[in-house]
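# Close look at the chain arrangement
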Amino acid sequence: MIIKQAQYIQNFFSSLENKAFKDNLCGCYNRHYFQLRLTAPVHEDMFPISILMCDIDNLKGINDVLGHDRGDSYIKFCYTAIRSSVPEYADIFRLGGDEFLVILFQTPATAVKDIVQKIDAYVAHYKEFEPHRIGISIGATTAQNSNANMEDCVKVADMEMYKVKAMRKGRR
């Protein structure tokens with residue numbers, strides 16, 4: 001009886017932890033966990049650390065025309081594109097409705113370009129939402145060592161993402 005109660009309590013706390021730190025749509029980490037992670041110390045051997053700020057293109061248009069269920073499918077698809085394009089050890093966070101942030105440990109800036117291209121190629125082959133334009137605008141930055149302020153790195157990646165988004169809108 002005591003073992004069953006202990007197992008129940010352990011399962012209960014695991015469930016609470018999962019709800020506190022995981023996004024319920026995609027299963028990746030959520031904004032709350034990201035904010036905790038951002039303040040955690042990072043060991044020197046984890047550098048360089050690259051950060052990708054990803055913003056799903058045209059989610060509002062998909063939601064408005066096709067409905068929120070289809071929008072949720074689009075979000076999940078984009079998460080899958082990111083997850084399948086980054087190394088297993090990367091941390092992925094869903095920060096909001098259409099924003100993901102990826103932390104890539106031991107990943108130099110030279111490797112980031114290939115990862116971004118891989119994500120773009122994955123999304124480009126998806127035809128389910130045609131004729132609606134889909135894609136992910138991605139900004140990136142790399143911290144070389146522990147002297148870098150991770151919050152500033154996130155801001156730089158965010159600014160870079162907005163540059164990409166503006167450039168893509170100009171192409172229409």
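Here the structure is shown first, and the text comes after it.
Here the residue index of a chain counts from 1 through its sequence in written order. The predicted origin of the model limits local features to residues at a pLDDT of at least 70 and limits the giving and counting of side-chain atom pairs to 80 or more, whereas totals for whole chains, interfaces and linings rest on all residues. Values shown for side chains rest on all heavy atoms present in the structure; no hydrogens or waters enter the calculation.

### A short note on the overall build of the protein
The numbering of helices and of strands both runs from the N terminus, where a helix is a DSSP run of H or I of at least 4 residues and a strand a run of E of at least 2. Along the protein, the regular secondary structure elements total 6 helices and 5 strands. Starting at the N terminus and ending at the C terminus, the protein contains elements arranged as α-β-α-β-α-α-β-β-α-β-α. Summary of the burial criterion: residues with accessible area below 20% of their type's maximum are buried, those above 50% are exposed, and those between are partly exposed, where the area comes from a 1.4 Å probe applied to protein chains only. Buried positions account for 38% of the 172 residues belonging to the protein. The contact definition used throughout considers only heavy atoms, calling two residues in contact when any of these lie within 4.5 Å. Partitioning the intrachain contacts of the protein with sequence separation of at least 6 by distance along the chain shows that 69% fall at a separation of at least 24. As displayed, the protein has an accessible area near 10,200 Å², and 54% of this comes from carbon and sulfur atoms. What sets the accessible areas is the Shrake-Rupley method with a 1.4 Å probe; for residues, cover comes only from the shown protein chains.

### Describing the layout of surface pockets
Taken as a whole, the second largest pocket encloses approximately 160 Å³ of empty space. Cavity: a set of points on a 1 Å grid over the protein atoms alone where a 1.4 Å probe fits but cannot get out. Pocket: an open set with protein on both sides within 12 Å along at least five of seven lines, its lining residues, like those of a cavity, having an atom within 4 Å of a point. Considering the residues around the second largest pocket, the lining is formed by R37, L38, T39, A40, P41, V42, I49, I103, F105, N149, M150 and E151. Put simply, the parts of the chain that give the lining of the second largest pocket at least two residues each are α2 (31-39) and α6 (150-171). Looking at the lining of the second largest pocket, the element that brings in the most residues is α2, giving 3 residues. Grid points are joined across faces, edges and corners, and a volume is the space filled by probe spheres set on the points.

### What to know about the sheet that holds strand β3 (residues 91-94)
The 5 strands lie next to each other as β1-β3-β4-β2-β5, forming an open sheet whose pairing is mixed. Edge positions in the sheet fall to β1 (29-30) and β5 (135-143), since each of these pairs with one other strand and no more. We call two strands paired when DSSP finds no fewer than two bridges between them. In terms of strand pairing, strand β2 (residues 49-57) meets β5 through 9 bridges, oriented antiparallel. Paired with D57 across the strands is G135, a residue of β5. Along the sheet face, helix α5 (residues 109-124) touches β2, β4 (99-104) and β5 and points at about 170 degrees away from the line of β5. Every axis in this analysis is a line fitted to C-alpha atoms, fitted for helices over the stretch in contact. Angles between the N-to-C directions lie between 0 and 180 degrees.

Note that all results are geometric; they support no functional claim without further evidence.
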